[in-house]
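# Structural features, examined
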Number of protein chains: 2
Amino acid sequence: MEGVSEENKHKIVVAVDESEESMHALSWCLSNLISHESTTTLVLLYVKPPPALYSSFDVAVRMVSTDVITAVEKYGTDMVNSVMQRAEAIYGNVNTEICLTKEALKQVNVERVIGSGEAKDVICTTVEKIRPDTLVMGSHGYGFLKRAFLGSVSEYCAKRVKCPVVIVKHPQDK
Amino acid sequence: MEGVSEENKHKIVVAVDESEESMHALSWCLSNLISHESTTTLVLLYVKPPPALYSSFDVAVRMVSTDVITAVEKYGTDMVNSVMQRAEAIYGNVNTEICLTKEALKQVNVERVIGSGEAKDVICTTVEKIRPDTLVMGSHGYGFLKRAFLGSVSEYCAKRVKCPVVIVKHPQDK
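Residues numbered from 1 in each chain as written. Chains lettered and ligands numbered in written order. Predicted model: local features only at pLDDT ≥ 70, side-chain atom pairs only at ≥ 80, totals over all residues. Heavy atoms only, no water.

## Description of the overall build of chain A
Looking only at helices and strands, chain A features seven helices and five strands. Secondary structure elements of chain A occur, N-terminal to C-terminal, as β-α-β-α-α-α-α-β-α-β-α-β. Here chain A holds 174 residues, and 49% of them are scored as buried. Element-wise, carbon and sulfur atoms account for 53% of the exposed surface of chain A, whose accessible area totals about 8,800 Å². (Helix = DSSP H or I, 4+ residues; strand = E, 2+ residues; numbered from the N terminus. Buried < 20%, exposed > 50% of the residue type's maximum accessible area, 1.4 Å probe, protein only. Areas by Shrake-Rupley, 256 points an atom, 1.4 Å probe, with all protein chains shown as cover.)

## What about the pattern of salt bridges?
Residues and elements named next belong to chain B. Considering all chains together, one arrives at four salt bridges over all chains under this definition. For R86, the salt bridge is made with E20, and the minimal N-O distance between the two is 2.7 Å. With R86 in helix α3 (residues 66-92) and E20 in helix α1 (residues 20-32), the pair connects residues that are 66 residues apart, well separated along the chain. Given a relative accessible area of 28%, R86 falls into the partly exposed group. (Salt bridge = Lys/Arg side-chain N within 4 Å of Asp/Glu carboxyl O.)

## Some points on the packing of helix α6 (residues 119-130) of chain B against helix α7 (residues 153-160) of chain B
Residue and element names in this part refer to chain B. Running from N to C, α6 and α7 cross one another at 30°; their axes reach a closest spacing of 9 Å. One way to sum up the angle between α6 and α7 is to call them roughly parallel. The handedness of the crossing between α6 and α7 is right-handed. The residues of α7 that touch α6, namely those facing A119, K120, D121, I123 and C124, are V153, Y156, C157 and R160. For the contact of α6 with α7, the per-class residue count stands at six nonpolar, no polar and three charged. (Axes fitted to C-alpha atoms, helices over the stretch in contact; angles between N-to-C directions. Parallel < 35°, antiparallel > 145°, perpendicular 65-115°, else oblique. Left-handed = near helix turned anticlockwise from the far one by under 90°. Contact = heavy atoms within 4.5 Å. Nonpolar A, V, L, I, M, F, W, Y, C, P; charged D, E, K, R; others polar.)

## Details of α7(B)
Every buried residue of α7(B) is listed here: V153(B), S154(B), C157(B) and A158(B). Each buried residue of α7(B) sits inside an arc of 130° when the element is viewed along its axis, so together they form one side. Among the structural elements, β5 (165-168) of chain A together with α6, β4 (134-138) and β5 (165-168) of chain B are those in contact with the buried residues of α7(B). (Arc of directions from axis to C-beta.)

## Structural notes on α1(B)
Taking 1.5 Å per residue as the helical rise, α1(B) with its 13 residues ought to reach 18 Å, and the 18 Å between its terminal C-alpha atoms agrees with that figure. Those residues of α1(B) lying buried are E21(B), S22(B), M23(B), A25(B), L26(B), S27(B), W28(B), C29(B), L30(B) and N32(B). (Expected span 1.5 Å × (residues − 1).)

## Regarding the side chain of T41(A)
Position of T41(A) among the secondary structure elements: in strand β2 (residues 39-48). Residues contacting T41(A), with those up to four places away along its chain left out, are H10(A), K11(A), I12(A), N109(A) and E111(A).

## Section: the nonpolar core
Ranked by internal contacts, the top residues of the largest apolar core, which has 50 residues, are V14(A), L42(A), V136(A), V14(B), V16(B), L42(B) and V136(B). Contacts of L42(A), omitting those with residues within four sequence positions, involve I12(A), V14(A), L26(A), C29(A), L30(A), Y91(A), V108(A), N109(A), V110(A) and E111(A). The next biggest cluster of nonpolar side chains, apart from the first, holds 38 residues, and it includes V13(A), V43(A), V153(A) and C124(B). (Core = buried A, V, L, I, M, F, W, Y, C linked by side-chain atoms within 4.5 Å.)

Structure below.
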């Protein structure tokens, strides 16, 4: 972009999922890390769960029909769209809800990245690949239900990625 | 402060220690979290190690003389001064080294807080007490030598404190 030096370009990855916490992490990012003094590429990263996490109906999926497989795939796609829409709604409402000037917002380019697999691995791989200045994520397990019990994704990522990591808690915990 | 609403006041705690990493965490904080749109109280938190960490000369301290005790205490005080001076030098050089405008810097109030004890406990207690908006710290063990092997203080704090936590890695690791 013209008039913006390389130093003033920032790339931030925000890992978003179905949780309120990850949406809060996005809000935190928008209100704290976006400045009108720099141009920011905001990467919204969503990781679809691996097939193993549909385990409660894994057998049915394999034994019954393609309709069920299609339903499962549709569920995954709907989830992506739902999360991304919520994330973009937060971004869209930023002027009224969050202390961020319009000037700052103009200099934010939002990108969607959809991964598939184990969230912790996909997040680390994505960060290694696109080398953002900062990774922002919620503190709990990525997603809810089963995924919440698989261990803290944020803890795993904070140990492994090389860029600064921001771990944001749910506001109710404050 | 006049003209600044409560919403635009931020309090950030940066845990500083002898490590280059914590100084890098401070630099990251200054270049990413300070904005001229808000007034920031920047709390530089240094935790002096507990007496047990002078263990290599613990016996001598107890058996020999008050001179040794005085020397140990002086070592602690010197360390505090050294770390704080380095931290404040980074803050002082911020205009030339980091992309931060003078306007933004004018709205930063720097406070020193010196704690004593186990770093992880003191940091968590301090955060609980002063309730900052964000805690910023290096990723490795607090301090060097023995303290580095006592486990990751940042990991401990990220799990326990309720505010967003930024964990910054050493730039050489990038």
